[in-house]
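Coordinate analysis (summary)
Listed below are the residues making up each chain.
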Amino acid sequence: MTELPSGVVEPDAVATDHKFVVALKAKLAPGVATNAASHLCLGLVAKAAAERPELVADMSFLTFTDGDGGQHTPISGLSLVVLEGRPAWLRRLREEAHAAGLLCTDFTGEMAGGDYADQLDRMKSTAEEALDYYGVALFGPREQVDPLTRKFSLLR
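So, about the pairing of strand E5 (residues 103-108). Among the six residues of E5, five are classified as buried, and the element is accordingly described as predominantly covered. Relative to strand E6 (residues 133-141), E5 runs antiparallel, the two being bridged by six bridges. Its bridge partner being in E6, Leu-103 is matched across the sheet by Phe-139.

Printed below as a string of structure tokens:
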């Protein structure tokens, strides 16, 4: 058996009882939505590695081998469901995910535009209740994630 890269599991070890969800603010422009979703996913995996390393194996990263023997790794074997909903739902989803102890990240309008120094300044000068949530990403057991995301629709 060959040694797998760190965080990569064998196909028979895919944690099908877990899922990724990205919930975005409805009617975001496609470029803004893509940017927010990308930052959310990067942050979610970084947070898992730093704060909850036991969850990385449950993220089910696999090595996909093409017909020429080339390897494409790491790619999660789990689906990533992308949803959309009302801004108030995003704030509530974030709160409920934290209360449930789920791995969660969020992305706000204050984090977009300008450079990171501008974004940090905007965040510091904005109270939480005034933040414009663009998205929330979750990872965890389906039985915990599904009830929190029922109101949301699939992003189309």
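Now for the pattern of salt bridges. Tallying each qualifying case throughout the model produces five salt bridges. The partner of Asp-132 in a salt bridge is Lys-25, with the nearest N and O atoms 2.7 Å apart. With Asp-132 in the loop between helix H3 (116-124) and E6 and Lys-25 in strand E1 (residues 18-25), this residue pair connects regions lying 107 residues apart in the sequence. Among the salt bridges present, the one from Arg-52 reaches Glu-54, with a minimum N-O distance of 3.2 Å. The class for Arg-52 is partly exposed, based on a relative accessible area of 27%.

This part is about the side chain of Thr-105. Looking at where Thr-105 falls in the secondary structure, it is placed in strand E5. Here Thr-105 falls in the buried class, since its relative accessible area comes to 12%. From its side chain, Thr-105 meets the backbone oxygen of Leu-40 in a polar contact 3.2 Å long. Apart from residues no more than four positions distant in its own chain, Thr-105 is found in contact with Leu-40, Gly-43, Leu-44, Lys-47, Gly-135, Val-136 and Ala-137.

Bringing helix H4 (residues 142-149) into the picture now. Buried residues of H4: Val-145, Leu-148 and Thr-149, and no others. The buried residues of H4 all sit within an arc of 90° when viewed along its axis, so they share a single face. Considering only its buried residues, H4 is in contact with E1, strand E4 (80-85), helix H2 (87-99) and E6.

On to the nonpolar core, then. Residues Leu-24, Met-59, Leu-103 and Phe-139 are the most contacted members of the largest nonpolar core, which totals 21 residues. Sorting the residues of this core by element identifies E1, helix H1 (30-51), E5 and E6 as the ones contributing at least two each. For this core, the element with the most residues is H1, which contributes six residues. The residues touching Leu-103, leaving out its near neighbours within four places in the chain, are Leu-44, Lys-47, Ala-48, Arg-52, Leu-55, Met-59, Ala-137, Leu-138 and Phe-139. Membership of the second largest hydrophobic core comes to 16 residues, among which are Tyr-133, Val-145, Leu-148 and Phe-152.

Strand order in the open sheet formed by five strands is E5-E6-E1-E4-E7, with mixed pairing between adjacent strands. A single partner strand is all that each edge strand has here, and the edge strands are E5 and strand E7 (153-154). As paired strands, E1 and E6 are joined by seven bridges and run antiparallel to one another. Counterpart to Phe-20 in the pairing with E6 is Phe-139. In this fold H2 packs onto E1, E4, E5 and E6, with an angle of close to 35° to the strand it touches most, E6.

What follows deals with the packing of aromatic side chains. This model, assessed by the stated rule, comprises three aromatic pairs. Judged by centre distance (4.7 Å) and plane angle (45°), the rings of Phe-20 and Phe-139 are tilted. Pair noted here: Phe-20 is in strand E1 and Phe-139 is in strand E6, with a separation of 119 residues, a long-range link. Taken individually, Phe-20 and Phe-139 each receive the classification buried, so the pair is uniform in this respect. When the centroid spacing of 6.4 Å and the interplanar angle of 50° are considered together, the rings of Phe-107 and Tyr-134 count as tilted. Taken together, the residues Phe-107 in strand E5 and Tyr-134 in strand E6 connect sequence positions 27 residues apart. Given a relative accessible area of 5%, Phe-107 falls into the buried group.

Conventions adopted
Residues numbered from 1 in each chain as written. Predicted model: local features only at pLDDT ≥ 70, side-chain atom pairs only at ≥ 80, totals over all residues. Heavy atoms only, no water. Buried < 20%, exposed > 50% of the residue type's maximum accessible area, 1.4 Å probe, protein only. Helix = DSSP H or I, 4+ residues; strand = E, 2+ residues; numbered from the N terminus. Pairing = 2+ DSSP bridges. Salt bridge = Lys/Arg side-chain N within 4 Å of Asp/Glu carboxyl O. Polar contact = N/O pair within 3.5 Å; in protein donor to acceptor, adjacent residues only side chain to side chain. Contact = heavy atoms within 4.5 Å. Arc of directions from axis to C-beta. Core = buried A, V, L, I, M, F, W, Y, C linked by side-chain atoms within 4.5 Å. Axes fitted to C-alpha atoms, helices over the stretch in contact; angles between N-to-C directions. Phe/Tyr/Trp six-rings, centres within 6.5 Å; stacked < 30°, edge-to-face > 60°.

Everything listed is a geometric property; what it means functionally is a separate question.
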